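What the coordinates show
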Amino acid sequence: MEDLISAVNQILDILKGNNLSFITSIIFALVPILLTVISIILSVRMDMQNKTLQKMIADRDSRNQTRQIILEIYNAYFTGFRITSQAKDNIEDIFISDQSYYKWATDLETAYNSIAQMYNQAKLLIRDNEFIVSLKKAFESFGALYHSVGQYIATGIPSQMINNAWQKIYTEHQIFYGSYYLLLQNRSLYEEFRKLCKTTYTDEIQKNLRNYMDIVDTNEFDDQFKKYISIQQL
């Protein structure tokens, strides 16, 4: 700005004088003014571009942060789906031994806590009613499964059913308690054992399990996530 003022004063001095090289002097005096004006314009332009770029970077970082949160939510629900897939349409396969159903119940509890945490986090951060409703539906469905399994185990019936099944198998086929390897060698015998472990409780658990899988194993459920995790160029 000082260069601009100095150049203007120089032009005024020239106009007051009687210099033979008047035009040349004017040209030389205008050059600093033009350069200063250009410098100001470029500076303003660069400042605007920097602000635009900074906003784009901030928006990108915000999208990336949101994408990471959405992926964590999806992973929690997918983990629940993976655990339910271990039983799928054969829940009795889980309840043929104390070890298997205790292990499965523990995995269910871990998944349920994770899904609950992610669902509550989504309610706080995401302003998308359709998405939240979809998450809530799946969360409540998994909760129904988790609680039905816990209630069944708490009755002590699963262990009793297993003991009764082994007693029958031993009486009729002379296979000792816990000989799962021998049991698995005979498919018809294994199916008989499974049926002996079946109860109205396992029917309810199977129903809840299938309901959760039917909710999350759909394109509609995945599409709720896709609109947030698509990669965009800066």
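Residues numbered from 1 in each chain as written. Predicted model: local features only at pLDDT ≥ 70, side-chain atom pairs only at ≥ 80, totals over all residues. Heavy atoms only, no water.

**Brief notes about the layout of surface pockets**
Its volume calculated, the largest pocket comes out at about 180 Å³. What lines the largest pocket is simply Glu 130, Val 133, Ser 134, Lys 137, Asp 214, Ile 215, Thr 218, Glu 220, Phe 221 and Gln 224. When residues of the lining of the largest pocket are traced back to their parent elements, those giving at least two are helix 4 (129-155), helix 8 (200-216) and helix 9 (219-229). Broken down by element, the residue count for the lining of the largest pocket peaks at four residues, all from helix 4. Considered class by class, the residues forming the lining of the largest pocket number three nonpolar, three polar and four charged. (1 Å grid on protein atoms, 1.4 Å probe; cavity = no way out; pocket = protein on both sides within 12 Å on 5 of 7 lines; lining within 4 Å. Points joined across faces, edges and corners; volume = space filled by probe spheres on them. Helix = DSSP H or I, 4+ residues; strand = E, 2+ residues; numbered from the N terminus. Nonpolar A, V, L, I, M, F, W, Y, C, P; charged D, E, K, R; others polar.)

**Here we look at the environment of Ser 97**
As for its placement among the helices and strands, Ser 97 is situated in the loop between helix 2 (22-85) and helix 3 (98-125). According to the relative accessible area criterion, Ser 97 is buried, its value standing at 8%. It is 9.1 Å that separates the C-alpha atoms of Ser 97 and Tyr 180, two residues lying 83 residues apart in sequence. Excluding its chain neighbours within four sequence positions, the residues that come into contact with Ser 97 are Ile 162 and Tyr 180. Among the polar contacts listed, one links the side chain of Ser 97 to the side chain of Ser 100, at a separation of 2.9 Å. (Buried < 20%, exposed > 50% of the residue type's maximum accessible area, 1.4 Å probe, protein only. Contact = heavy atoms within 4.5 Å. Polar contact = N/O pair within 3.5 Å; in protein donor to acceptor, adjacent residues only side chain to side chain.)

**Here we look at the pattern of salt bridges**
Evaluated as defined, the whole model comprises 12 salt bridges. Between Lys 198 and Glu 92 there is a salt bridge; the shortest N-O distance is 3.6 Å. On the criterion of sequence distance, the pair formed by Lys 198 in the loop between helix 7 (187-196) and helix 8 and Glu 92 in the loop between helix 2 and helix 3 is long-range, its members being 106 residues apart. Among the residues examined, Glu 92 registers a relative accessible area of 8% and is labelled buried. Ionic pairing is found between Arg 194 and Asp 93, a salt bridge with its closest N-O pair at 2.7 Å. One end of the pair, Arg 194, is in helix 7; the other, Asp 93, is in the loop between helix 2 and helix 3, with 101 residues separating them in the sequence. Residue classification places Arg 194 among the buried residues on the basis of a relative accessible area of 9%. Using a relative accessible area of 28% as the deciding quantity, one classes Asp 93 as partly exposed. Overlapping salt bridges, with partners in common, bring together Glu 92, Asp 93, Arg 187, Glu 191, Arg 194, Lys 198 and Asp 203 in one network. (Salt bridge = Lys/Arg side-chain N within 4 Å of Asp/Glu carboxyl O.)

**Description of unusual backbone geometry**
Here Lys 88, not a glycine, exhibits a phi torsion of approximately 50°, which is positive. The phi torsion at Gln 174 lies on the positive side, around 55°, for a residue other than glycine. Along the chain, the position of Gln 174 falls in the loop between helix 5 (157-173) and helix 6 (180-185). Taking relative accessible area as the criterion, Gln 174 reaches 52% and is therefore assigned exposed.

**Notes on helix 8**
Look at helix 8: 25 Å from first C-alpha to last across 17 residues, which is about the 24 Å you get at 1.5 Å a residue. Regarding helix 8, the residues found buried are Thr 202, Ile 205, Gln 206, Asn 208, Leu 209, Tyr 212, Met 213, Ile 215 and Val 216. Of the residues flanking the start of helix 8, the one acting as N-cap is Thr 199, its side-chain oxygen 3.1 Å from the backbone nitrogen of Tyr 201. (Expected span 1.5 Å × (residues − 1).)

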